[in-house]
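Overview (structure and organization)
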Amino acid sequence: MTAADEGAPAANGTEATGATAEKLAELHRRLEQAQDPGSEKAKARRDEAGLTTPRQRIDVLLDEGTFVEIGALGRTPGEEDAPYGDGVVTGYGRVGGRTVAVYAHDKTVYGGSVGETFGKKVCEVMDMAIRIGCPVIGINDSGGARIQDAVMSLAMYSEISRRQLPLSGQSPQISILLGPSAGGAVYAPVTTDFVVAVEGRTQMFVTGPAVIESVTGEKISMEELGGARQQARNGNVSYVATSEEDAFNYVKDLLDFLPSSSFDETPEFWAPNDELTERDFELNDIIPDDPNAGYDIMEVLTRIFDDDNVLEVQGDYGSNVVTAFARIDGHAVGVVANQPMELAGCLDADAADKAARFIRICDAYNVPLVWVVDTPGYMPGVEQEKAGLIHRGAKLGFATVEATVPKVTVVVRKAFGGGYAVMGSKNLGADINLVWPTAQIAVMGAEAAVVMMQGKALAAMPEEQRPAAKKMFMDFYNANMTSPYVAAERGYVDSVITPDQTRIRLRQAMRQLRNKQVVDTPKKHTIMPM
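Along each chain, residues carry numbers from 1 onward, in the same order as the chain's sequence is written. At least 70 in pLDDT is required for a residue's local features to be given in this predicted model, at least 80 for side-chain atom pairs to be given and counted, and no such filter applies to totals for whole chains, interfaces and linings, which use all residues. Only hydrogens and water are set aside when side-chain values are computed; all heavy atoms of the structure are taken into account.

**Focus: the overall build of the chain**
Helix and strand labels come from DSSP, where a helix needs a run of H or I of at least four residues and a strand needs a run of E of at least two; each type is numbered from the N terminus. Within the chain one finds 20 helices and 17 strands. With the C-alpha coordinates aligned to their principal axes, the bounding extent of the chain is approximately 110 × 60 × 45 Å. Each residue gets one of three labels from its accessible area relative to the maximum for its type: buried under 20%, exposed over 50%, partly exposed in between, using a 1.4 Å probe on protein chains only. Within the chain, buried positions represent 50% of all 530 residues. The Shrake-Rupley method, run with a 1.4 Å probe sphere, supplies the accessible areas, and residue values consider only the shown protein chains as cover. As displayed, the chain offers around 24,600 Å² of accessible surface, 54% of which is attributable to carbon and sulfur atoms. For the purpose of charge, His is not counted, nor are the chain termini; Lys and Arg are scored as positive and Asp and Glu as negative. The atoms used to mark charge sites are NZ of Lys, CZ of Arg, CG of Asp and CD of Glu. Positive and negative side-chain charges in the chain, numbering 50 and 73 respectively, have mean positions lying 5 Å apart.

See below:
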C-alpha cells in the first residue's frame, strides 16, 4: 500500500498511511480539543451570557489571519484529564502590520486562574517580546490565583511580574480587562503602560466586597467598588470602552501612536501642508475676552495638530489636565494641556501624577512632547495638602526635566506660579516656547496680586474709592507684570505668535528638533519624589 491509498493528508497533498496517519489523526484530535477546551457547563454559561471566546477576541484585535498560537497543547502536569490550554491562549500576530505578542485568558478553564502551565505560556511570549522588541497585549478575564496550585500559582504571578520590568520602557505593554480582575490578577495589568476597561464588564480590586465586609463591616457592590468607571476615576484605567469592539479599536488606535520598541520609530501618517486653513484662523477667536471664563481646551487641541485625531488617555482621572496623543507633520506627539473647564485649569495632586506618568511614557518611547498651557497654578486648599500635593506636584516638574525628547510649549492664556514652571517652561528644559498675545505669565494673577500687594492700602480707602483703585492696580499689573512681552523681552519665551500660526510653528519646531541629542550624566538612575 502506498501513501496515496488511504489515511491523513501528507505535506505533498497525498494521504499518509499506517503509523503516520494515526499520529496525524491524533494530532488533529488534540488540536480540535484545544480549540475550546472548557467544560460544557462553563461554555454554556459563557454562551448564554453572549460572551466571546479568547480566540475570537484575539482574532478581532489582530490583523486577519496573522495569529500564530503557541502552547495550545499545554496543560496541567500530572492530570490525565486536564483541559488543554490551561486557561490562557498565547501567541503572536500583527496589528497594523506590526508584530505583537498577545495572550487571552480563558474563563471556561479553571475560571481563567493562573496555574503553572498558564504562567509558563505567558512568560514565553513575554520573553520573546523582550528579545525581538514588540508590544505585549494581555486580554484579561481571570479568576485570580489557582488555589489548588498553591505556591506554584503565586510563583507564576511573580514570574510574569518579573518580566514586566525589562519590558517597561522598552516595548508598550497594554492590558484589556474584559471581566473581573482581583488580588494578584490586578497587579500585573496596572503595571502595564495602558489599561483598557469595558463599561459594565470590568471589575478590578485587591479584595472583593465579601472580604471587605467580613474584615471591616463595610458593604459595597462590585460595581461601586471596582467597576470600570469607578476605577477610571481612581486613576487605574486609561480608557473606559463601551464594548469589546470599542476596547480593541482603542488599542489599535493607541498602537498607531507608539513604536514597536524604544529602538524603533513611530508609524508615519499623512500630514497636511504648511498652508493656513479655515481651522487655523478659528484659533484667533477661541480664547474668551474674560480671563476668568472657561472654554474647552480640546477646541484648541483639535486645531493645532495635523487633524482632529487627538487620542485622550486617562480622561476620567485628573480631568483638569488633558493627556493625549496627536500628530505633527505625520509623526506622533504626546500632549499635556490644562483644561479650563475643570477647576479652572488648576493643577492638583491627581493631575500632577497623571501628567508626570504620561510624560515618562512618552519619553521612554521617544515620542516628542507638547505642552498647551492655561493654568492659574497649583490648587490651594487643606484637602490638597492632605492629599500630598507637595510631593505629588513635584513629580510633574521632575518628569518634565527628566524627559530628553523634543519639548515644545504653547502658552495660550494663563501661566502663573508653579504652574508656569512645570508646564513646559524653558527653565525646566523645554526646547521651544511659543506664546499667544492672550498669554499671561507671572507669579500670580492680578486678582491675587492686588490682595497681596495692595490689600492694606485698599482697606484704608473709603469704600466707594476701592473698586476704581483696585482696577487701576490690576490694569497696571497686567500691563507690566503678566504681559507676554515682558517674558519675551527677557528671553523666557522664543516667540509671541498669532494663534493661527500655531500648527505651522509646531511643525517647524519638530522638524528643527528631530535630531535632538541629550547626553545624560552617568549614574544608575534618578530618584523621583515619593
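Still to come is the rest of the account.
**As for unusual backbone geometry**
Located in the positive-phi region is Asp86, a residue other than glycine, with phi close to 60 degrees. Along the chain, Asp86 turns up in the loop between β1 (68–70) and β2 (88–95). In this structure Asp86 comes out as buried when scored by relative accessible area, which is 0%.

**Quick look at a nonpolar patch on the surface**
Here, patches come from residues exposed beyond 30% relative accessible area and free of salt bridges, joined within 9 Å for like charges and within 5 Å for nonpolar side chains (Val, Leu, Ile, Met, Phe, Trp, Tyr). A carboxyl oxygen of Asp or Glu within 4 Å of a side-chain nitrogen of Lys or Arg is what we treat as a salt bridge. Taken together, the side chains of Leu27, Leu31 and Leu73 present a nonpolar region at the surface, about 210 Å² in accessible area. Checked against the element boundaries, Leu27 lands in helix α1 (residues 18–35). Take Leu27: its relative accessible area is 37%, and that puts it in the partly exposed class.

**Structural notes on the pattern of salt bridges**
With the rule as written, the count across this model stands at 32 salt bridges. For Asp329, the salt bridge identified is with Arg507, shortest N-O distance 3.2 Å. With a gap of 178 residues between them, Asp329 in the loop between β11 (321–328) and β12 (331–338) and Arg507 in helix α20 (residues 502–513) connect regions that are remote in the sequence. In this pair, the class of Asp329 matches that of Arg507, namely buried. Among the ionic pairs, Lys426 bridges to Asp494, the shortest N-O distance being 3.0 Å. Here Lys426 is found in the loop between α16 (417–422) and β15 (432–435), whereas its partner Asp494 is found in the loop between α19 (484–489) and β17 (495–496), with 68 residues between them in sequence. Note on Asp494: relative accessible area 41%, which makes it partly exposed. By sharing partners, the salt bridges in this structure join Arg57, Lys107, Asp141, Arg201 and Glu244 into a single network.

**Things to note about the sheet that holds strand β7 (residues 194–198)**
Two strands pair if DSSP finds at least two bridges between them. Ordered by their spatial adjacency, seven strands build an open sheet running β1-β2-β3-β4-β5-β7-β9, and the pairing between neighbours is mixed. Only two strands of the sheet have a single partner each, and these edge strands are β1 and β9 (239–241). Ignoring strand direction, the axes of neighbouring strands in this sheet form an average angle of 20 degrees. Summarising the sheet, strand β5 (residues 173–177) and β7 pair through four bridges and their orientation is parallel. Axis definition: a line fit to C-alpha positions, over the contact stretch in the case of helices; interaxial angles, taken between N-to-C directions, run 0 to 180 degrees.

**Brief notes about the environment of Ile130**
For Ile130, the position within the fold is in helix α4 (residues 116–132). The class for Ile130 is partly exposed, based on a relative accessible area of 24%. Separated by 37 residues in the primary sequence, Ile130 and Leu167 have C-alpha atoms spaced 5.9 Å apart. Only heavy atoms matter for contacts: two residues are in contact if any of them lie within 4.5 Å across the pair. Here Ile130 is in contact with Arg163, Pro166, Leu167 and Gln170, once residues within four sequence places are set aside.

**Thoughts on the confidence of the model for the chain**
Summary statistics for the chain give a mean pLDDT of 91 and a share of 95% for residues scoring 70 or more. One number per residue, pLDDT, summarises how confident the predictor is, and it ranges from 0 to 100. Low confidence marks residues 1–7, where pLDDT is under 50. Its contacts with residues over four positions away, or in another chain, come to 13 contacts.

**Brief notes about the domain arrangement of the chain**
Domain segmentation is taken from an automatic or database assignment of domains. According to the domain assignment, the chain consists of domain 1 (36–256) and domain 2 (278–445 + 482–513). The straight-line distance from the C-alpha centre of domain 1 to that of domain 2 is 35 Å. Between domain 1 and domain 2, the residue contacts involve 21 residues of the former and 13 residues of the latter. Accessible area, probed at 1.4 Å, shrinks when two parts are joined; the buried area is that loss added up over both. In total, about 1,200 Å² of surface goes out of reach between domain 1 and domain 2, with carbon and sulfur atoms giving 54% of it. If you sort the residues of domain 1 by the area they bury against domain 2, Asp193, Phe194 and Tyr250 come out on top, with a joint share of 29%. Viewed at the interface, domain 2 and domain 1 are joined by one salt bridge. Among the ionic pairs, Arg229 bridges to Asp316, the shortest N-O distance being 3.1 Å. For the purposes of these results, a polar contact is taken to be a pair of N or O atoms within 3.5 Å, where, inside protein, one atom must be able to donate a hydrogen and its partner to accept one; residues adjacent in sequence count only when each atom of the pair is a side-chain atom. There are nine residue pairs in polar contact (both at pLDDT 80 or more) connecting domain 1 and domain 2.

**Quick look at the nonpolar core**
Ile137, Ile139 and Phe325 are the most contacted members of the largest nonpolar core, which totals 59 residues. Ranked by residues supplied to this core, first place goes to helix α13 (residues 349–364) with eight residues. The residues that make up this core include at least three from each of domain 1 (36–256) and domain 2 (278–445 + 482–513). If you look at the next biggest cluster of nonpolar residues, it comprises 31 residues, including Ile286, Tyr295, Val333 and Trp436. Definition of nonpolar core: a set of buried residues of the types Ala, Val, Leu, Ile, Met, Phe, Trp, Tyr and Cys, connected through side-chain atoms within 4.5 Å.

**Some details on the side chain of Asp141**
Its location among the elements puts Asp141 in the loop between β4 (136–140) and α5 (151–167). Within the local environment of Asp141, its side chain forms a polar contact with the side chain of Arg57, the two groups lying 3.4 Å apart. In terms of polar contacts, Asp141 uses its side chain to reach the side chain of Lys107, at 3.4 Å. Filtering out sequence-adjacent residues up to four positions away, Asp141 remains in contact with Arg57, His105, Lys107, Gly111, Gly112, Leu178, Gly179 and Pro180.

**Things to note about the packing of helix α3 (residues 54–61) against helix α10 (residues 244–256)**
Packing of α3 against α10 brings their axes to within 9 Å, and their N-to-C directions diverge by 45 degrees. Accordingly, the angle class assigned to the pair α3 and α10 is oblique. Considering only the axes of α3 and α10, their crossing is right-handed. Along its contact with α3, which presents Arg57, Val60 and Leu61, the element α10 presents Glu244, Phe248, Val251 and Lys252. Tallied by class, the residues present in the contact of α3 with α10 amount to four nonpolar, no polar and three charged. Orientation labels follow simple angle bins: below 35 degrees gives roughly parallel, above 145 gives roughly antiparallel, 65 to 115 gives roughly perpendicular, and whatever is left gives oblique. In a left-handed crossing the near helix is turned counterclockwise from the far helix by less than a right angle, and in a right-handed crossing that turn is clockwise. Only Asp, Glu, Lys and Arg are considered charged, only Ala, Val, Leu, Ile, Met, Phe, Trp, Tyr, Cys and Pro nonpolar, and every remaining residue, Gly among them, polar.

**Concerning the side chain of Thr400**
Counting through the fold element by element, Thr400 comes out in helix α15 (residues 389–402). Those residues within four positions of Thr400 in sequence are excluded, and the remaining contacts are Ile359, Trp371, Lys407, Val422, Gly424 and Leu428.

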